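Each chain is listed here by its residues.
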Amino acid sequence: EPPSLLVHEILGEVAGCEGAARCVADAHARLLAPGAVAVPASARSLCAPCSWPSGEYWASLPNPVLSPPPGAALKLPRFPREATLAPAQPFE
């Protein structure tokens, strides 16, 4: 009997960078029971314009702030809300 639940962790630094939508759609088409549920059911990435944070913020960050390849993403934990210039908007 085909499964009715798909639990996955196919998300990268940007929600769509690892091809989760294609993989989940393929699983629904070939492997899962009709009406099966995927967890997570959706994901999105947001982008917002920001100003350069203060020196205190940069001094508070752990080293390194760049993740190792292949991701090579800039990690900015606890980014100060006052540096955000406009609300975040979906970009993918």
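To be clear, the structure that these remarks concern was listed above.
Just so you know, these numbers come straight off a predicted model, no measurement behind them.

Asker: So what's going on with a nonpolar patch on the surface? Which residues, and what values?
Answerer: A contiguous nonpolar surface patch, about 350 Å² in accessible area, is contributed by L5, V7, V37 and V39. Sorting the residues of the nonpolar patch by element identifies β1 (5-7) and β2 (37-39) as the ones contributing at least two each. Structurally, V37 is set in strand β2.

Asker: Account for the pattern of salt bridges, with residues named and values stated.
Answerer: Tallying each qualifying case throughout the model produces one salt bridge. The salt bridge involving R30 is made with D26; its shortest N-O contact spans 2.8 Å. Within this pair, R30 and its partner D26 are both found in helix α1 (residues 20-30), separated by four residues, close to a single helical turn. Residue classification places R30 among the exposed positions, given a relative accessible area of 58%. D26 sits in the partly exposed class, given a relative accessible area of 34%.

Asker: Account for the packing of aromatic side chains, with residues named and values stated.
Answerer: The final tally for this structure, using the stated rule, is three aromatic pairs. A centroid spacing of 5.8 Å and a plane angle of 75° characterise the contact between Y57 and F79, whose relative ring orientation is edge-to-face. Here the residue Y57 occupies a position in helix α2 (residues 55-60), and F79 occupies one in the loop between α2 and β4 (89-90), the gap between them amounting to 22 residues. The class of Y57 is buried, set by a relative accessible area of 7%. With relative accessibility at 26%, the residue F79 sits in the partly exposed group. Through successive ring pairs, a cluster of aromatic residues spans W52, Y57, W58 and F79.

About the cut-offs
- Residues numbered from 1 in each chain as written.
- Predicted model: local features only at pLDDT ≥ 70, side-chain atom pairs only at ≥ 80, totals over all residues.
- Heavy atoms only, no water.
- Patch = residues over 30% accessible without salt bridge, like charges linked within 9 Å, V, L, I, M, F, W, Y side chains within 5 Å.
- Areas by Shrake-Rupley, 256 points an atom, 1.4 Å probe, with all protein chains shown as cover.
- Salt bridge = Lys/Arg side-chain N within 4 Å of Asp/Glu carboxyl O.
- Helix = DSSP H or I, 4+ residues; strand = E, 2+ residues; numbered from the N terminus.
- Buried < 20%, exposed > 50% of the residue type's maximum accessible area, 1.4 Å probe, protein only.
- Phe/Tyr/Trp six-rings, centres within 6.5 Å; stacked < 30°, edge-to-face > 60°.

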